[in-house]
Amino acid sequence: MTEPLRILVADDDRDMRAVIGMALRRDGFEILPASTGTQVLALLEQNLPHPIDLLVLDVHLPGCSGLDVAERLRAHSTIPIVLVTAFPDEKIRKCAARLAIPLLAKPFSLGRMTAVVCRSLHWSDL
Amino acid sequence: MMPTMSRGAAILLAIILSAFIAIGDQVTGVDVAFTVLYVVPIALVTWFAGFRHGVWIAVVCTGCSMLNAMLDQRPVFVTIWNELGLLVLFVSLAYLLGRHREHLEHERRQHRLTVDQLRHADRLNVIGTLAAGVAHEIGTPLNVISGSAELIPYARDPEEVVDMANVIREQVERIGAIIRHLLDFGRRAGIKTAPLDLNDLARSSTLLLVPIARKRKAEIDVEPAISPVPVRGNIAELEQVISNLILNALQAMPTGGKVSLRVGVASRPGTTDDDRSFGAVTVEDDGVGIAPDALPHIFEPFFTTKGVGEGTGLGLSVSYGIVRDHGGSIEVDSARGHGARFTVLLPLDQPA
């Protein structure tokens, strides 16, 4: 059996992390939770030997915002990212478009999120 | 402010005065002109109880004067002529004073109405800004609800279903609380005052501003006092004041930073007394600060240093009015480039 794909779920809301995690676990992914931007960056560095395959990233994170994390990562990495926000204003939309990162506006359906995650992982079975 | 005295008290005082004047008139005899003193009770009643009451006091005063004249046994024709003249004079006085009083009252009502409208305009403005925070605060729990509902069909055991149902209920309560808070804020403030704790005020004012702060890469730090700081006031209006100050602080920090709220007690503004009879909420930022030439004008209506569409120039002037109506004051301390510190001082609600 192959190793499950690892997804880092970053959201400052505990229940939101739990719901996203549950949905993705059900589809066979392994989940790593994070609640701040700095935690995301730290986890990505730590797990280098067993790489994280995708990042579900909330824009409104305390400290270092999701947009900053995405900008920083895009400078040196091609890890797939799915951005999530409850307040998709002009600035966030433009930034997501510029970095070519899919953006989900809350509230979104978990089915749609899974579809976007799978597409970002280049799966063709959905 | 118009001086206040109840209608009944004014009329009673006027009758007593009239009686004293009449007696004085009688005792001192014809040589001393006491009659002119009757204008005092007439003016008193007209001012505090209105024109109509002024007229009957004028009639009573004329009656007193006439009684005196009759006791002195002056000629009837002269007495009637004199008293008619007096009555006309007294009633004219009451009429003029009554008109003036009505005019003032009208002005005062208009002023109150305008102040109310300005305050409400500012509330709506603050709410517009809060909308971003509300979108975030409601979007997330909505998503947790819809996500849980989507996952329920895949639950492995009944316990998981119960857990998810509980999560849904909790999130609905969370959304309900946010909506209630926003509605409370949007409602016209009214005139109700109640005892409140400044610690609670600082916390509730920050609730919907935290997401906005985060969006601006800023954080809001609330440092409550160790013990409750009781004041009396209109919670909706005072929340408006604190929200205005926090929003200003956030806008003064374009690259982010920290807004600190501290709650405590202080002595009367402008003194160094050790009485500590005022509650204080300090809102401090490390933003661009206030230019020295702008500092004397910041509490003036429609004065703003923000760009078009960003500020109305209402926030601080409205806040100042609200705090002054509460018997307090707003102190400001700022240097260009070194942030600003606003302190809202409100009289402590001390049990007598």
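Model, not experiment: these values are computed from the prediction.

With that out of the way, let us pick up the overall build of chain B. What chain B contains, in helices and strands, is nine helices and seven strands. Buried positions account for 42% of the 352 residues belonging to chain B. Pairs at least 24 residues apart make up 72% of the contacts formed inside chain B by residues separated by at least 6 positions. Just so you have it, chain B exposes about 19,200 Å², and 62% of that area is on carbon and sulfur atoms.

Take the sheet that holds strand S2 (residues 218–223) of chain B next. All names here are of chain B. Taking strand neighbours across the sheet as the criterion, the five strands line up as S2-S4-S5-S7-S6 in an open arrangement whose pairing is mixed. In this open sheet, the two edge strands, each paired with only one partner strand, are S2 and strand S6 (329–334). Neighbouring strand axes in the sheet, compared pairwise and without regard to direction, differ in orientation by 15° on average. As paired elements, S2 and strand S4 (residues 257–266) share six bridges and run parallel to each other. Residue pairing in the sheet places Glu219 in a bridge with Lys258 of S4.

Time to look at the nonpolar core. In this structure, Leu198(B), Ile246(B), Leu250(B), Val259(B), Leu261(B), Phe342(B) and Val344(B) are the most contacted members of the largest nonpolar core, which totals 52 residues. Broken down by element, the residue count for this core peaks at eight residues, all from helix H8 (residues 235–251) of chain B. Excluding anything up to four places from it in sequence, Ile246(B) contacts Thr206(B), Leu209(B), Ile220(B), Val259(B), Leu261(B) and Val283(B). Counting residues in hydrophobic clusters, the runner-up holds 26 residues, among them Ala10(A), Leu57(A), Leu67(A) and Leu99(A).

Let's shift gears to empty space enclosed by the protein. Residue and element names in this part refer to chain B. One pass over the structure, following the stated rule, counts one cavity of 30 Å³ or more. Of the pockets and cavities examined, the largest cavity occupies roughly 40 Å³. Sorting the residues of the lining of the largest cavity by element identifies helix H5 (158–186), helix H6 (198–206) and H8 as the ones contributing at least two each. Class assignment of the residues belonging to the lining of the largest cavity gives a composition of four nonpolar, four polar and one charged.

All names here are of chain B. Inspection of the entire model under this criterion finds three aromatic pairs over all chains. Arranged with centres 6.1 Å apart and planes meeting at 70°, the rings of Tyr38 and Phe90 form a pair that is edge-to-face. Remark: Phe90 occurs in helix H4 (residues 76–151) and Tyr38 occurs in the loop between helix H1 (7–28) and helix H2 (39–49); sequence separation between them is 52 residues. Given the relative accessible area of 0%, Tyr38 is considered buried. Residue class for Phe90 comes out buried when judged on its relative accessible area of 1%. Here Phe51 and Tyr95 contribute two aromatic rings whose centre-to-centre distance is 5.7 Å and whose plane-to-plane angle is 75°, an arrangement assigned as edge-to-face. One end of the pair, Phe51, is in helix H3 (residues 51–71); the other, Tyr95, is in helix H4, and 44 residues separate them in sequence. What makes Phe51 partly exposed here is its relative accessible area of 31%.

Residues and elements named next belong to chain B. The computed volume of the largest pocket comes to approximately 780 Å³. Taken together, 34 residues make up the lining of the largest pocket; nearest its centre are Asn248, Gln251, Thr304, Thr305 and Lys306. Of all the elements in the fold, those that place two or more residues in the lining of the largest pocket are H4, H8, strand S5 (278–285), helix H9 (315–325) and strand S7 (340–347). A per-element tally of the lining of the largest pocket places H8 first, with six residues. Its residues placed into classes, the lining of the largest pocket shows 16 nonpolar, 13 polar and five charged.

Residues and elements named next belong to chain A. Pairing of strand S1 (residues 6–10) with strand S2 (residues 30–34), which is carried by five bridges, proceeds in the parallel orientation. Looking at S2, one finds that Ile7 is bridged to Ile31. A crossover connection joins S1 to the parallel S2 through helix H1 (residues 14–26); in handedness this β-α-β unit is right-handed.

Attention now moves to the packing of helix H3 (residues 66–74) of chain A against helix H4 (residues 90–99) of chain A. All names here are of chain A. Packing of H3 against H4 brings their axes to within 11 Å, and their N-to-C directions diverge by 15°. Accordingly, the angle class assigned to the pair H3 and H4 is roughly parallel. Crossing of H3 against H4: the hand is left-handed. For the pair formed by H3 and H4, the contact residues are Leu67, Ala70, Glu71 and Arg74 on the first element and Ile92, Cys95, Arg98 and Leu99 on the second.

Moving on, we come to the side chain of Ser243(B). Among the secondary structure elements, Ser243(B) is positioned in helix H8. Here Glu239(B) takes part through its backbone oxygen, which lies 2.8 Å from a polar atom of the side chain of Ser243(B).

Further remarks concern a nonpolar patch on the surface. Residues and elements named next belong to chain B. A surface patch of nonpolar side chains, amounting to about 470 Å² of accessible area, comprises Met66, Met70, Val76, Ile80 and Leu84. At the level of elements, H3 and H4 are the ones that each hand at least two residues to the nonpolar patch. For Met66, the position within the fold is in helix H3. Taking the relative accessible area as the measure of exposure, Met66 reaches 32% and is therefore partly exposed.

Next up on the list: the pattern of salt bridges. Applying the stated criterion to the full structure yields 19 salt bridges over all chains. Measuring nitrogen to oxygen at the nearest pair gives 3.1 Å for the salt bridge that ties Asp11(A) to Lys106(A). Placement of Asp11(A) in the loop between S1 and H1 and of Lys106(A) in the loop between strand S5 (103–105) and helix H5 (110–120) is noted, with a sequence separation of 95 residues between them. Of the charged contacts in the structure, one is a salt bridge between Asp15(A) and Arg14(A), with a shortest N-O distance of 3.9 Å. Its relative accessible area of 57% is what places Arg14(A) among the exposed residues. Each of the salt bridges in this network shares a partner with another, and the network as a whole consists of Arg112(B), Asp116(B), Arg119(B), Glu237(B) and Asp325(B).

So, on to H3(B). Residues and elements named next belong to chain B. The terminal C-alpha atoms of H3, which comprises 21 residues, lie 30 Å apart, in line with the 30 Å expected from a rise of 1.5 Å per residue. Of all the positions in H3, only Gly54, Ile57, Ala58, Cys61, Thr62, Cys64, Ser65, Asn68 and Ala69 are classed as buried. Angularly, the buried residues of H3 cover 155° about the axis, an arc narrow enough to put them on a single face. More than 90 degrees from the buried face of H3, the exposed residues found are Arg52, Leu67, Met70 and Leu71. Of the surrounding secondary structure, the elements contacted by the buried residues of H3 are H1, H2 and H4. Residue Gln73 follows H3 closely and has a positive phi angle near 55°.

The rules we used
- Per chain, the residues get numbers from 1 upward, laid out in the order the sequence is written.
- Here the convention is simple: chains get letters from A, ligands get numbers from 1, in the order in which they are written.
- Owing to the predicted nature of the model, reporting of local features is limited to residues with pLDDT of at least 70; listing and counting of side-chain atom pairs is limited to 80 or more, with chain, interface and lining totals taken over all residues.
- Side-chain measures were taken over the full set of non-hydrogen atoms in the model, leaving aside hydrogen atoms and water.
- Going along the chain from the N terminus, every DSSP run of H or I of four or more residues is numbered as a helix, and every run of E of two or more is numbered as a strand.
- Think of it in three bands: residues with accessible area under 20% of the maximum for their type are buried, residues over 50% are exposed, and the middle band is partly exposed, with areas taken using a 1.4 Å probe on protein chains only.
- By definition, residues are in contact when any of their heavy atoms lie within 4.5 Å.
- In short, Shrake-Rupley with a 1.4 Å probe defines the accessible areas, and a residue's cover is counted only from the protein chains shown.
- We call two strands paired when DSSP finds no fewer than two bridges between them.
- In this description, a line fitted to the C-alpha atoms serves as the axis of each element, helices being fitted only across the stretch in contact, and the angle between N-to-C directions of two axes falls anywhere from 0 to 180 degrees.
- In this text, buried Ala, Val, Leu, Ile, Met, Phe, Trp, Tyr and Cys residues form a nonpolar core when linked through side-chain atoms within 4.5 Å.
- Detection works on a 1 Å grid of protein atoms alone, calling trapped sets that fit a 1.4 Å probe cavities and calling open sets with protein on both sides within 12 Å along at least five of seven lines pockets, with lining residues defined by an atom within 4 Å of a point.
- Grid points are joined across faces, edges and corners, and a volume is the space filled by probe spheres set on the points.
- Residue polarity is assigned by list, with Asp, Glu, Lys and Arg as charged and Ala, Val, Leu, Ile, Met, Phe, Trp, Tyr, Cys and Pro as nonpolar; anything else, Gly included, falls into the polar class.
- The pairing test for Phe, Tyr and Trp rings, Trp by its six-membered ring, is centres within 6.5 Å, and the orientation test on the planes gives stacked under 30 degrees, edge-to-face over 60, and tilted for anything in between.
- Handedness of a crossover is defined as follows: orient the strands so they point away from the viewer, and if the path from the first strand over the helix to the second runs clockwise, the crossover is right-handed.
- For classification purposes, angles smaller than 35 degrees are called roughly parallel, those larger than 145 roughly antiparallel, those between 65 and 115 roughly perpendicular, and all remaining angles oblique.
- Should the near helix be turned counterclockwise from the far one by less than a right angle, the crossing is left-handed, whereas a clockwise turn marks it as right-handed.
- Any pair of N or O atoms that falls within 3.5 Å is considered a polar contact. Within protein, one atom must be able to donate a hydrogen and the other to accept it, and sequence-neighbouring residues count only if both atoms are side-chain atoms.
- Put simply, a patch holds well-exposed residues, over 30% relative accessible area, that have no salt bridge, with like charges counted together within 9 Å and Val, Leu, Ile, Met, Phe, Trp or Tyr side chains within 5 Å.
- Any Lys or Arg side-chain nitrogen found within 4 Å of a carboxyl oxygen on Asp or Glu counts as a salt bridge.
- The span you would expect from a helix comes to 1.5 Å times its residue count less one.
- By arc we mean the arc of the directions from the helix axis to the C-beta atoms, nothing more.

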